[in-house]
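# Inside the fold
What follows is the residue order along each chain.
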Amino acid sequence: MKPVLWKRTILAGLRGFYRNRTVSLSSIFILTITLSIVTSFYLFRAVFDYTLEQVKEKVDVRVYFTTDATEQQVTDIKAKLLGLSDVKSVEYTSREQALEDFKKKHVGDQLTLQALDELGTNPFGASLSVAAKDISRYSAIADQLSEGSGLLGDNKSAIDKVNYYQIKDSIDKLNSIIGWTNTVGFWLSIVFVLMSCMIVYNTIRLAIFVYRDEIAVMKLVGASNMFIRGPFIVEALLYALVATVLTLAIFFPATVWVTKKTIFFFEGLNINAFYLSHFVELALTLLIFGSLLTVISSFLAVRKYLKI
Amino acid sequence: MLYFDRVSKEYENGNKVLSDISLTIHKGELVSVVGHSGAGKTTLIKMLLAEEFPTEGTVSFNSDDIHTLRGKDMTNYRRKVGVVFQDFRLIPNKTAYENVAFAMEAAGRHDDEIEEDVPHVLDLVDLKDKMLHFPHQLSGGEQQRVAIARAIINRPEIIIADEPTGNLDPLNTYDIVQILKKINDLGTTVILTTHNKGIVDNLGRRVITMENGKITRDQKSGKFTL
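Residues numbered from 1 in each chain as written. Chains lettered and ligands numbered in written order. Predicted model: local features only at pLDDT ≥ 70, side-chain atom pairs only at ≥ 80, totals over all residues.

### So, the confidence of the model for chain B
Of the residues in chain B, 100% have a pLDDT of 70 or more, and the chain-wide mean is 90. Two summary scores accompany this predicted model of the complex, namely pTM at 0.70 and ipTM at 0.74. (pLDDT = per-residue confidence, 0-100.)

### Observations concerning the sheet that holds strand 10 (residues 214–219) of chain B
Residues and elements named next belong to chain B. Reading across the sheet, the six strands line up as 6-7-8-3-9-10 and stay open at both edges, with mixed pairing between neighbours. Either end of the sheet is taken by a strand with one partner, and the two such strands are strand 6 (81–85) and strand 10. In this sheet, adjacent strand axes meet at a mean angle of 15 degrees when their direction is disregarded. Pairing of strand 3 (residues 30–35) with strand 8 (residues 189–194) involves five bridges; the strand directions are parallel. In the sheet register, Ser32 faces strand 8, and the bridge partner there is Leu192. Each of strand 6 and strand 7 (158–162) touches helix 5 (residues 140–152); the most contacted strand, strand 6, lies at about 170 degrees to it. (Pairing = 2+ DSSP bridges. Helix = DSSP H or I, 4+ residues; strand = E, 2+ residues; numbered from the N terminus. Axes fitted to C-alpha atoms, helices over the stretch in contact; angles between N-to-C directions. Contact = placed C-beta atoms within 7 Å.)

### Some words on the packing of helix 7 (residues 164–209) of chain A against helix 11 (residues 279–305) of chain A
Residue and element names in this part refer to chain A. Taken N-terminus to C-terminus, the directions of helix 7 and helix 11 make an angle of 45 degrees; their axes are 9 Å apart at the nearest point. Between helix 7 and helix 11, the crossing angle belongs to the class labelled oblique. As for the relative orientation of helix 7 and helix 11, their crossing is right-handed in sense. Here Cys197, Val200, Tyr201, Ile204, Arg205 and Ile208 of helix 7 lie close against helix 11, whose contacting residues are Leu293, Thr294, Ser297, Ser298, Ala301 and Val302. When the residues that make up the contact of helix 7 with helix 11 are grouped by side-chain class, the tally is eight nonpolar, three polar and one charged. (Parallel < 35°, antiparallel > 145°, perpendicular 65-115°, else oblique. Left-handed = near helix turned anticlockwise from the far one by under 90°. Nonpolar A, V, L, I, M, F, W, Y, C, P; charged D, E, K, R; others polar.)

### What about helix 5 of chain B?
Residue and element names in this part refer to chain B. Taking 1.5 Å as the rise per residue, helix 5 with 13 residues should run 18 Å; its terminal C-alpha atoms sit 19 Å apart, in good agreement. Summarising burial for helix 5: eleven of the 13 residues are buried, a large majority. Within helix 5, the full set of buried residues consists of Glu142, Gln143, Gln144, Arg145, Val146, Ala147, Ile148, Ala149, Arg150, Ala151 and Ile152. Residues of helix 5 that are buried in the fold lie against strand 6, helix 3 (96–106), helix 4 (111–124), strand 7 and helix 6 (170–185). (Expected span 1.5 Å × (residues − 1). Buried ≥ 20, exposed ≤ 12 C-beta atoms within 10 Å, placed from the backbone.)

### Concerning helix 2 (residues 21–58) of chain A
The terminal C-alpha atoms of helix 2 of chain A, which comprises 38 residues, lie 55 Å apart, in line with the 56 Å expected from a rise of 1.5 Å per residue. Along its buried surface, helix 2 of chain A packs onto helix 7, helix 9 (225–262) and helix 11 of chain A.

### As for the interface of chain A and chain B
Taken together, the contact between chain A and chain B spans 16 residues of the former and 16 residues of the latter. Among the secondary structure elements, those contributing two or more residues to the side of chain A that touches chain B are helix 1 (3–19) and helix 8 (212–220) of chain A. For the side of chain A that touches chain B, the per-class residue count stands at eight nonpolar, four polar and four charged.

See the structure below:
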């Protein structure tokens, strides 16, 4: 397209946007609501992912050693575990630390502490707390620690027990919840996006329906399809731009308010800080999503009236 | 210049609006097409604008069958034809100036050419002082004059005026007919459909009379007779 046509198209789009204020405002209003739904969904996912991450962090598999196990044996097993691709981290708790922790936990319980003193020796073995990269990989790690596996070698006798089998049900349940929520989340977002597309498409279609006679006249005075479409596309881009700015402006105070109400509940998740740190990403997402939606809607809506 | 060769138009419901029309319109003619409502005048005009397609026969402009034109060829053809409608069909959110300039912009004309020609043509139709008015700020006669200015701005070879005075009072009707006559005197072919006996009789030019989708009379210098 020649530069002069670009200029004419942009000017006509700006003029149309300003002169048809009622149509422009109603389109922007609907688009702002749609983009707000998308933003809410985006923030909701962030809260959900954060909460899930917190729960996941709390899950680990603990390997308890016998009291006879040497420090060398524990260190060997720790090194081997760290060599596994599924393992994220391994935390070592020594026998002394375990005793210390027990005492701290029962600091007011004189009877238990007295019984411990009477034993004369430290009854606690060392332990390793193993965190997996993914929650579904705990069973694979537990398998490596089982007797038949070659991982332990001569150190087999040093292991007293692995608690995976006691918490297996909880891990499986959590695994299925994560899988289920991911599937539901995926389909829910597809439904949301489709619904938003339909609402915006129908709004733009209605806005352009008003111009059907004008489009016919433009064709009859010899305007090309692209020359007619151009200003509508410029208007569509302006709707997306204004609606994005409005949505971002609405969500700033909204996230401040929500943060105030939920900061204790979500154990340190600051939604406003999350919103601000993802501001550019969110703004670009909304702008691109809004622009694609309005431009494609406008393109399809005008096409219908160009067929003369 | 314009040839209708055995053109018929029948809608899907069996309603036949044009029946075996053969007609030639030469360059520089001023032709009035008259007939009762439903006689087929508007369909005939729509055929010329390629808004309607014939069921049988062809409509040609010079040697081109206009109903086979596509894309750029159709756009170029439409730029050679200026149209004036009974209901003006101006673009409501554009000023008189912008409505006329639009036709030039669509044809890809330069800005300085537009800035020179549009005021000149609006002056010709006596609307220079109202060129920044929007259609709703103009009277019916003024709106029709803007429509004529838009139709002639690209110096078309043909002007098609479909009942251009249908919504106007006698004084504005006289003005519009005088403008169309002037345009024709400058060499542009004018095709006019009308119900107005006074206009046709005063013009004293070629008159085509239609009835039930057929041409019943074609007189070189005719009168309005139904």
